[in-house]
Amino acid sequence: MSATLVQVIVGGLLLGAIYALFSSGLTLIWGMMNVVNFAHGDFVMVAMYIAYVVYVLLGGGPLASVPIAAVSLATIGILAYFLLVRHVMRGPMIAQILGTFGLALLLRYSMFGAAGANFLSLPDNLVGGTYEIFGIRLQASRVVAGIVALLVTAGLHLLLTRTSLGSKMLAVSEDATAAQLMGIRPDYMQAIAWGIAAGATGIAGALIATFFYISPTVGETLAIIAFVTVALGGFGSVPGALVAGLLIGLIESLSAYWIGGVWKDVVVYILFIFVLWFRPQGLMGKS
Amino acid sequence: MTLLSIRNLEVHYGDLIGVADVSLDVAEGEVVALLGSNGAGKTTTLNAVAGLIPASGGSITFAGERIDGKPAYAVVSRRIGLSPEGWRLFVGQSVENNLMLGATPLADRSRAAPLLERVYAIFPRLAERRLQLAGTMSGGERQMLAVGRALMSDPRLLMLDEPSLGLAPATVEIMYETLERLHGEGLTILLAEQSVELALEFADRAYVLQVGRTVMSGTASDLADDPEVQKVYLGMG
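Residues numbered from 1 in each chain as written. Chains lettered and ligands numbered in written order. Predicted model: local features only at pLDDT ≥ 70, side-chain atom pairs only at ≥ 80, totals over all residues. Heavy atoms only, no water.

Looking at an unreviewed UniProt entry, one finds chain B named Amino acid/amide ABC transporter ATP-binding protein 2 (HAAT family), with Enterovirga rhinocerotis as its source organism. Turning to chain B, the UniProt annotation filed under Sequence similarities (unreviewed entry) states: "Belongs to the ABC transporter superfamily." (UniProt positions renumbered as here; feature names shortened; annotations may be inferred.)

Under an unreviewed UniProt entry, chain A has the name Amino acid/amide ABC transporter membrane protein 1 (HAAT family) and belongs to Enterovirga rhinocerotis. What UniProt records for chain A under Sequence similarities (unreviewed entry) is the sentence "Belongs to the binding-protein-dependent transport system permease family. LivHM subfamily." Regarding chain A, the relevant UniProt record gives this comment under Subcellular location (unreviewed entry): "Cell membrane".

Structure, rendered in structure tokens:
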């Protein structure tokens with residue numbers, strides 16, 4: 001295998017890890033309460049601007065921006081739950097769709113007002129530079145982002161499957177009425193889920209900002225990737241989001257290398273539709 | 001001492017009346033049975049006490065405190081446990097997780113471990129299956145898990161909705177022997193049971209419900225001898 005091909009594969013997997021992280025928040029919310037958060041991509045966008053502001057005002061890199069974005073987005077997620085989601089959940093499905101879509105537009109156009117339409121970016125060398133290891137050239141920012149994303153996604157999965165908080169959240173998603181009989185407040189658990197999901201999204205956004213352009217509409221692009229990742233991995237499954245995220249990152253990267261950059265998305269969507277023919281519940285979703 | 005007191009309870013499901021007028025008392029340490037056919041209001045009464053459905057009239061008093069209008073998560077922390085109709089287990093989680101979820105209302109978390117040991121001692125089958133998913137268990141095991149889970153909150157009042165429904169006779173026997181033992185240890189029990197014979201054998205007192213009203217009450221032995229009860233509920237005479 002040529003060094004270039006290895007580099008393409010590693011690069012794809014690193015990107016895929018970030019796809020997995022910001023998709024896991026979306027899949028968590030769906031799994032918890034059957035709500036599709038259309039504002040998810042714009043949560044990432046807000047986190048990216050937070051990373052930018054942290055750099056411009058404090059001169060800080062991801063070490064500062066990741067925790068700040070995580071806490072800020074977790075707060076936004078909890079507020080979104082109490083001020084919007086909790087209310088639209090009582091209505092029909094269309095109310096949830098339009099409610100979170102409205103939130104998406106609110107965030108997007110508030111950002112246009114606050115930051116303008118210009119594309120921004122963080123300096124290339126904010127996280128080290130580019131290194132050559134075994135003949136592979138790797139951008140430090142992408143390596144750091146990919147590894148942190150993998151760790152956070154794994155942590156999220158452990159939180160859901162191995163802790164008493166995770167068990168309570170799962171209980172609410174399985175049967176909210178029975179959960180109440182256990183002394184659990186479903187609305188608190190759902191608020192915590194929004195906090196965790198949005199917080200994870202905040203981490204993803206601050207990481208992506210180190211190597212991706214920042215604009216008020218970047219959330220649109222990222223949301224589509226997140227939806228495809230979640231649908232491919234299986235709605236509600238964090239391990240599914242991880243596998244699908246890595247897969248999509250890899251396929252994008254390989255098809256850009258073999259066929260050409262403009263075709264990479266086409267290849268991803270063809271494979272996506274192909275997988276759904278055979279597994280409409282996604283790779284790791286329950287049928 | 002009266003532990004639970006229900007006065008003129010009324011529950012509506014939209015326009016439908018679930019319970020029209022139910023009054024009953026349960027004394028500390030007593031076993032009380034609710035009898036009646038399907039739709040008589042037994043489940044609705046238990047669910048209203050547990051706070052799963054709001055009462056639209058009347059009052060529910062537990063240990064001297066009004067609990068009607070309180071949500072279920074607040075009722076259970078006052079030490080009222082319910083093994084609900086249909087069990088409502090968390091089928092995607094292990095037996096042990098289900099039990100530990102039952103311990104959520106405990107103010108002192110360190111009591112969860114000894115309570116878990118106690119439930120495993122009461123139902124050894126659950127200990128054998130502790131890592132198995134609740135959804136993969138048999139009906140009898142699910143019933144045990146539902147009762148065990150309710151016991152994990154260390155209730156003063158244990159409410160059981162149809163503890164014998166759908167179980168094999170041998171399992172029913174085990175279940176009732178267990179309940180007998182818990183009663184012997186001083187636990188107060190309120191149960192809804194379709195099997196009148198079984199209920200009257202186990203309970204100290206019983207109330208008969210008919211279309212959402214308490215129409216008759218008495219000691220279990222009096223009701224067992226009552227020709228009216230025999231006629232209406234045992235299909236005899």
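### Overview of the overall build of chain A
Of regular secondary structure, chain A possesses 11 helices and 2 strands. Along the chain direction, N to C, the helices and strands of chain A fall in the order α-α-α-α-β-β-α-α-α-α-α-α-α. In terms of overall size, chain A behaves like a compact globule, its C-alpha atoms giving a radius of gyration of 19 Å where 287 residues would be expected to give roughly 19 Å. Here chain A holds 287 residues, and the buried ones make up 50% of them. Taking the contacts inside chain A whose residues are at least 6 apart along the sequence as the reference set, 77% of them involve residues at least 24 apart. (Helix = DSSP H or I, 4+ residues; strand = E, 2+ residues; numbered from the N terminus. Rg over C-alpha atoms; globule rule 2.2 N^0.38 Å. Buried < 20%, exposed > 50% of the residue type's maximum accessible area, 1.4 Å probe, protein only. Contact = heavy atoms within 4.5 Å.)

### A look at the UniProt feature "transmembrane region" (unreviewed entry) in chain A
Residue and element names in this part refer to chain A. Under the UniProt annotation, the feature "transmembrane region" (unreviewed entry) is placed at residues 6-31, 38-58, 64-85, 97-120, 140-160, 191-215, 221-250 and 257-278. For residues 64-85, the helix share is 100%, the strand share is 0%, and the end-to-end C-alpha distance is 30 Å. Helix makes up 77% of residues 257-278 and strand 0%, with an end-to-end C-alpha separation of 27 Å.

### A word on the packing of helix 4 (residues 112-122) of chain B against helix 7 (residues 169-184) of chain B
Residues and elements named next belong to chain B. It is at 11 Å that the axes of helix 4 and helix 7 come closest, and there the two elements cross at 135°. In terms of orientation, helix 4 and helix 7 fall into the oblique class. Between helix 4 and helix 7, the contacting residues are Arg118, Ala121 and Ile122 on the first element and Thr178, Arg181 and Leu182 on the second. Of the residues assigned to the contact of helix 4 with helix 7, the class counts are 3 nonpolar, 1 polar and 2 charged. (Axes fitted to C-alpha atoms, helices over the stretch in contact; angles between N-to-C directions. Parallel < 35°, antiparallel > 145°, perpendicular 65-115°, else oblique. Nonpolar A, V, L, I, M, F, W, Y, C, P; charged D, E, K, R; others polar.)

### A closer look at the pattern of salt bridges
What the rule picks out here adds up to 17 salt bridges over all chains. Of the charged contacts in the structure, one is a salt bridge between Asp175 of chain A and Arg88 of chain B, with a shortest N-O distance of 2.6 Å. Taken together, the residues Asp175 of chain A in the loop between helix 6 (164-174) and helix 7 (176-181) and Arg88 of chain B in the loop between strand 6 (80-83) and helix 3 (95-102) connect one chain to another. The class of Arg88 of chain B is partly exposed, set by a relative accessible area of 32%. In this structure, the salt-bridge partner of Glu65 of chain B is Arg78 of chain B, at a minimum N-O distance of 2.9 Å. With Glu65 of chain B in strand 5 (residues 65-66) and Arg78 of chain B in the loop between helix 2 (72-76) and strand 6, this residue pair connects regions lying 13 residues apart in the sequence. Several salt bridges share partner residues, and in doing so they unite Asp42, Arg108 and Glu220 of chain A into one network. (Salt bridge = Lys/Arg side-chain N within 4 Å of Asp/Glu carboxyl O.)

### Looking at the nonpolar core
Generally speaking, a soluble globular protein has its nonpolar side chains buried in company with each other. One finds Phe22, Phe43 and Trp194 of chain A together with Leu4, Leu157, Met159 and Leu190 of chain B to be the most contacted residues of the largest nonpolar core, which totals 109 residues. In terms of residues, this core owes the most to one element, helix 8 (residues 186-208) of chain A, which gives 13 residues. Excluding anything up to four places from it in sequence, Leu4 of chain B contacts Leu24, Asp25, Val26, Val49, Ile60, Thr61, Phe62, Leu157 and Leu190 of chain B. Counting residues in each nonpolar core, the second largest holds 47 residues, with Ala33, Val95, Leu179 and Leu200 of chain B among its members. (Core = buried A, V, L, I, M, F, W, Y, C linked by side-chain atoms within 4.5 Å.)

### Observations regarding a negative patch on the surface
Residues and elements named next belong to chain B. Taken together, the side chains of Glu173, Glu177, Glu180, Glu197, Glu201 and Asp204 present a region of like negative charge at the surface. Of all elements in the fold, only helix 7 and helix 8 (196-202) reach the threshold of two or more residues within the negative patch. Per-element accounting of the negative patch gives the leading share, 3 residues, to helix 7. With respect to the helices, strands and loops of the structure, Glu180 is situated in helix 7. (Patch = residues over 30% accessible without salt bridge, like charges linked within 9 Å, V, L, I, M, F, W, Y side chains within 5 Å. Areas by Shrake-Rupley, 256 points an atom, 1.4 Å probe, with all protein chains shown as cover. Lys, Arg positive; Asp, Glu negative; His and termini not counted. Charge placed at Lys NZ, Arg CZ, Asp CG, Glu CD.)

### A closer look at the interface of chain A and chain B
A common way to state how big an interface is: give the accessible area lost once the parts meet. If you look at the interface, chain A gives 15 residues, while chain B gives 20 residues. Summed over both sides, the interface between chain A and chain B buries roughly 1,600 Å², with carbon and sulfur atoms accounting for 63% of that surface. Between the two partners, chain A and chain B, sit 1 salt bridge. Of all elements in the fold, only helix 6 and helix 7 of chain A reach the threshold of two or more residues within the side of chain A that touches chain B. Of the residues that constitute the side of chain A that touches chain B, the class distribution is 7 nonpolar, 4 polar and 4 charged. (Buried area = accessible area lost by both parts, 1.4 Å probe.)

### What to know about the environment of Gly29 of chain B
Residue and element names in this part refer to chain B. Following the sequence through the fold, Gly29 ends up in the loop between strand 2 (16-27) and strand 3 (31-35). Separated by 40 residues in the primary sequence, Gly29 and Gly69 place their C-alpha atoms 25 Å from one another. Setting aside residues no more than four positions away along its own chain, Gly29 makes contact with His183, Gly186, Leu187, Thr188 and Asp204.

### A short note on the pairing of strand 9 (residues 205-210) of chain B
Along any regular strand the residues' side chains alternate between the sheet's two faces. All names here are of chain B. Counting buried residues in strand 9 gives 5 out of 6 residues, a clear majority hidden from the surface. Summarising the sheet, strand 3 and strand 9 pair through 4 bridges and their orientation is parallel. Residue Val32 lies in a different strand from strand 9, and its bridge partner there is Arg205. Alignment of strand 9 against strand 10 (residues 213-219), held across 6 bridges, turns out to be antiparallel. Within the sheet, the bridge partner assigned to Val208 lies in strand 10 and is Met216. (Pairing = 2+ DSSP bridges.)

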